[in-house]
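What the coordinates show
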Amino acid sequence: MHGLPGQVIGGTIHGQGELIFLKETQILWTCEGKGSKLVGKHVWPFAFILPKQVEVKSCGTGKYDLPPSFAKYSSGLRVDYRLLVEIKRGGFPKIDKTLLTLFGYEINSVSEPLSELRQLAYTEEIPLFGPEVDPYGWKVLPAFVVKGTLSGKALQVEITLAISNPTTYAIGYPIPLRITLKTRSKDALVLEELAKPTAIGLDEGFAFWWSTPQDDPDPNQVANNTRELHGELDVPRTIKPTFLFPRCSVRYTLQLLPLTAPGWINASDTQYPLLSERVTIVSRQGPGMNVRSDAPPGYDRSQAVNYLQSVDLLENENQIVVSRRI
């Protein structure tokens, strides 16, 4: 029996090898009996329903969510989906013609619900409530101390970073941030240099900061030894959401870079970030969320601390992990 098979194939490709994780076949037409030759034009409608999960036998037991289409050509790493139709001539075992086309597959991941006070602020278009008022809306990371000298004066600065909670962020939307710098020095001008928006770099996405208003009711703001900045990091629309899959995974980390300011000399190694926090990037906002920028009216983003995005390819055991710092 000869026929016209159609296949949908998904595979991860790295170097010379390919791991096929999806292969489904449909017979579009069969040739049965003598005289059943095709004459003229024929159309066979067909459709494939992709499964939500697949088993990867070479990686033990368990199922994995289908990964999105992905390519990092500098390393030869790809996740491909293709549609294949093989046309065979009756009486010959060879394939006369292969029709092949690639198609894209995107995952549909959704951000988690926001705190009631965060959603209220977005709905009413008022400034976001800080961690003191809205503890459920923020993840306050452990404080740490950096040492250095500024204009010849030794200085220790305690830094506390707060990021929006829950830590699942949708592509194309801003991530709210708060950072507090505190020092025992009585010289407020020393701290003022480090608390400028241009001194703080939160990773290599598009992070920008602004000073809080002078009439901010936060009691910490009246202390000469404490400064707070508000900020946002835009999640680029060009990136892929987080996914984990054998041989190919994409994960994201927020990294707070060492402080930079005129006259400031770090006492510690500046090759490494001050702080790293794993986050999840999803493809879209959950229903009913009104996420928007919290930047003050008239804020000039051209003065923001902008860093080019970098992508590191890390090899961990037998899995290629693309670790993107946003």
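Refer to the structure presented above.
Fair warning: this is a prediction, and the values are worked out from it, not measured in the lab.

Bringing the overall build of the protein into the picture now. Along the backbone of the protein there are two helices and 20 strands. Considering the protein as a whole, with its 326 residues, one finds that 44% of them fall into the buried category. The contacts in the protein between residues at least 6 apart in sequence include a share of 65% that link residues at least 24 apart. On the protein, roughly 18,400 Å² of surface is accessible, and the fraction owed to carbon and sulfur atoms is 53%.

Okay, the nonpolar core next. By size, the foremost hydrophobic cluster in this structure holds 49 residues, and its most contacted members are Phe-21, Ile-159, Ile-179, Leu-181 and Leu-194. For Ile-159, the residues in contact, after removing those within four places along its chain, are Pro-142, Ala-143, Phe-144, Val-146, Ile-179, Thr-180, Leu-181, Leu-256, Leu-259 and Leu-274. Of all hydrophobic cores here, the second largest spans five residues; its members include Tyr-122, Leu-128, Met-289 and Val-291.

The subject of this paragraph is empty space enclosed by the protein. Under the defined criterion, the tally for this structure stands at one cavity of 30 Å³ or more. Forming the boundary of the largest cavity are 16 residues, of which Leu-114, Thr-168, Tyr-169, Gln-285 and Val-291 lie nearest the centre. Elements represented by at least two residues in the lining of the largest cavity include exactly α1 (116–124), β11 (168–170) and β12 (174–182). Take the lining of the largest cavity: its biggest share by element is three residues, from β11. Partitioned by chemical class, the residues of the lining of the largest cavity number ten nonpolar, four polar and two charged.

What follows is about the packing of aromatic side chains. The tally for this structure, following the rule as stated, stands at eight aromatic pairs. Ring geometry for Phe-46 versus Phe-48: centroids 6.0 Å apart, planes at 80°, classification edge-to-face. Pairing Tyr-81 with Phe-103 gives two aromatic rings, centres 5.8 Å apart and planes at 40°, and the pair type is tilted. Linking Tyr-81 in strand β6 (residues 77–88) with Phe-103 in the loop between β7 (95–102) and α1, this pair joins segments that are 22 residues apart in sequence. Residue Tyr-81 is classed as buried on the basis of its relative accessible area, which comes to 1%. What links up through ring pairs into an aromatic cluster is the set Phe-21, Tyr-64, Tyr-81, Phe-103, Tyr-105 and Phe-245. Positioned above the aromatic ring of Trp-138, the side-chain terminus of Arg-118 is 4.8 Å from the ring centre.

Turning our attention to the pairing of strand β9 (residues 144–150). Here is the key point about a regular strand: its side chains alternate between the two faces of the sheet. Residues Phe-144, Val-146, Gly-148 and Leu-150 of β9 are buried on one face, while the alternating residues Val-145, Lys-147 and Thr-149, pointing to the opposite face, are not. Pairing analysis gives seven bridges linking β9 to strand β10 (residues 153–164), with the strands arranged antiparallel. By the bridge assignment, Leu-150 is partnered in β10 with Lys-153. Counting the residues between successive antiparallel strands, the hairpin from β9 to β10 contains two residues, one of them, Ser-151, with a positive phi of roughly 55°. Where β9 and strand β16 (residues 264–266) come together, three bridges link them in antiparallel fashion. Among the inter-strand pairings, Leu-150 is bridged to a residue of β16, identified as Trp-264.

Thresholds applied
Residues numbered from 1 in each chain as written. Predicted model: local features only at pLDDT ≥ 70, side-chain atom pairs only at ≥ 80, totals over all residues. Heavy atoms only, no water. Helix = DSSP H or I, 4+ residues; strand = E, 2+ residues; numbered from the N terminus. Buried < 20%, exposed > 50% of the residue type's maximum accessible area, 1.4 Å probe, protein only. Contact = heavy atoms within 4.5 Å. Areas by Shrake-Rupley, 256 points an atom, 1.4 Å probe, with all protein chains shown as cover. Core = buried A, V, L, I, M, F, W, Y, C linked by side-chain atoms within 4.5 Å. 1 Å grid on protein atoms, 1.4 Å probe; cavity = no way out; pocket = protein on both sides within 12 Å on 5 of 7 lines; lining within 4 Å. Points joined across faces, edges and corners; volume = space filled by probe spheres on them. Nonpolar A, V, L, I, M, F, W, Y, C, P; charged D, E, K, R; others polar. Phe/Tyr/Trp six-rings, centres within 6.5 Å; stacked < 30°, edge-to-face > 60°. Lys NZ or Arg CZ within 6 Å of the ring centre and 35° of its normal. Pairing = 2+ DSSP bridges.

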